[in-house]
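Geometric and topological summary
Residue strings, one per chain:
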Amino acid sequence: MQAKKRSVITELSSGELGYLLTDVRNHFLAAIERELEPLQITAAQFVVLNSIMSGKGRTLSEFCRLLGYDSGAMTRLLDRIEAKGVIRRVDNPADRRSYIVELTEQGLAVFPQARRGTEVAFRRLLAGFSEADAEMLRGLLQRVQANAAEGKAAES
């Protein structure tokens, strides 16, 4: 008699989902790092630049939320990017205790190159995917994202 096969949900729930997501994330970041290396920009630094350009982040707390960093780690990251001349911090007119991060002229010039580099990395990771595959992947990731957000809200 053959043993009953465990369900995929059971296997994913017992740790495989975490492993797969972590492994994909690590490969994803490594691919971006390789493409951005000539620009001397890291994947985390690109997230900051992209967040500014897309309007998703301009303050320390917004960047902390996007990257999952604490304020100390985020401040150190911003310090490194600022030292490269790519961003600057300006006073926040809405809150004098904080600042807003914006791209410098150099940052505005380097961003399109960095964006192209990340697109090369993303396309490489999506090699062999049809449009239907990509749409399904996006939908499934959005479902996981929504479930995670619901779980977070329930914890609050």
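Reference entry: report on the structure contained in this document. Just so it is clear, the model here is predicted, and its values are computed rather than measured. (Residues numbered from 1 in each chain as written. Predicted model: local features only at pLDDT ≥ 70, side-chain atom pairs only at ≥ 80, totals over all residues. Heavy atoms only, no water.)

Below, the discussion takes up the packing of helix H1 (residues 8-36) against helix H5 (residues 105-125). Close contact between H1 and H5 brings their axes to 8 Å; oriented N to C, the two are set at 140°. Considering the angle they form, H1 stands oblique to H5. The two elements H1 and H5 cross, and the hand of that crossing is right-handed. Facing Phe28, Ala31, Ile32, Glu35 and Leu36 of H1, the residues of H5 in contact are Ala114, Gly117, Thr118, Val120, Ala121, Phe122, Arg124 and Leu125. The residue inventory of the contact of H1 with H5, partitioned by class, reads nine nonpolar, two polar and two charged. (Axes fitted to C-alpha atoms, helices over the stretch in contact; angles between N-to-C directions. Helix = DSSP H or I, 4+ residues; strand = E, 2+ residues; numbered from the N terminus. Parallel < 35°, antiparallel > 145°, perpendicular 65-115°, else oblique. Left-handed = near helix turned anticlockwise from the far one by under 90°. Contact = heavy atoms within 4.5 Å. Nonpolar A, V, L, I, M, F, W, Y, C, P; charged D, E, K, R; others polar.)

It is worth spelling out the nonpolar core at this point. If you look at the biggest cluster of nonpolar residues, it comprises 24 residues, and the most contacted ones within it are Val48, Leu49 and Ile87. Looking at this core, the elements that each hand over two or more residues are H1, helix H2 (43-54), helix H3 (60-67), helix H4 (71-83), strand E2 (99-103) and H5. Here the element with the most residues in this core is H2; it accounts for six residues. Residue contacts for Ile87: discarding those within four places in its chain leaves Leu49, Ile52, Leu78, Ile81, Glu82, Val101, Glu102, Leu103 and Thr104. (Core = buried A, V, L, I, M, F, W, Y, C linked by side-chain atoms within 4.5 Å. Buried < 20%, exposed > 50% of the residue type's maximum accessible area, 1.4 Å probe, protein only.)

In this section: H5. The first and last C-alpha atoms of H5 sit 31 Å apart over 21 residues, in line with the 30 Å expected at 1.5 Å per residue. The largest bend in H5 comes to about 30°, at Phe111, with the proline Pro112 one to four residues further on. Of all the residues in H5, the buried ones are Gly107, Val110, Phe111, Ala114, Gly117, Thr118 and Ala121. (Expected span 1.5 Å × (residues − 1). Bend = angle between axes of the 7 residues up to and from the residue.)

A few words now on the packing of aromatic side chains. With the rule as written, the count across this model stands at two aromatic pairs. Between Phe28 and Phe122, the ring centres sit 5.2 Å apart and the planes meet at 5°, which makes this aromatic pair stacked. On the criterion of sequence distance, the pair formed by Phe28 in helix H1 and Phe122 in helix H5 is long-range, its members being 94 residues apart. With relative accessibility at 31%, the residue Phe28 sits in the partly exposed group. Between the aromatic rings of Phe46 and Phe111, the centroid separation amounts to 5.8 Å while the plane-to-plane angle is 5°, which identifies the pairing as stacked. Residue Phe46 is found in helix H2, and its partner Phe111 is found in helix H5; the two are separated by 65 residues along the sequence. Side by side, Phe46 and Phe111 carry an identical accessibility label, which is buried. (Phe/Tyr/Trp six-rings, centres within 6.5 Å; stacked < 30°, edge-to-face > 60°.)

The space that makes up the largest pocket amounts to roughly 2900 Å³. For the largest pocket, the lining is made up of 50 residues, of which Leu21, Val24, Phe28, Leu141 and Gln145 are closest to its centre. Counting residues per element, the ones that place at least two in the lining of the largest pocket are H1, H2, H3, H5 and helix H6 (131-155). Element by element, the count of residues in the lining of the largest pocket is highest for H6, at 15 residues. (1 Å grid on protein atoms, 1.4 Å probe; cavity = no way out; pocket = protein on both sides within 12 Å on 5 of 7 lines; lining within 4 Å. Points joined across faces, edges and corners; volume = space filled by probe spheres on them.)

Negative phi is the rule for most residues except glycine; trans is the rule for most peptide bonds. Residue Gln40 is not a glycine yet carries a positive backbone phi of 60°. Residue placement: Gln40 occurs in the loop between H1 and H2.

Below, the discussion takes up the pattern of salt bridges. Opposite charge on two side chains lets them pair, provided their charged atoms get close. Scanning the entire structure with this criterion turns up seven salt bridges. Between Arg88 and Glu102 there is a salt bridge, and its shortest N-O distance comes to 2.7 Å. You can see Arg88 sitting in strand E1 (residues 87-91) and its partner Glu102 sitting in strand E2, a full 14 residues away along the chain. Classification of Glu102 by relative accessible area gives partly exposed; the value is 24%. (Salt bridge = Lys/Arg side-chain N within 4 Å of Asp/Glu carboxyl O.)

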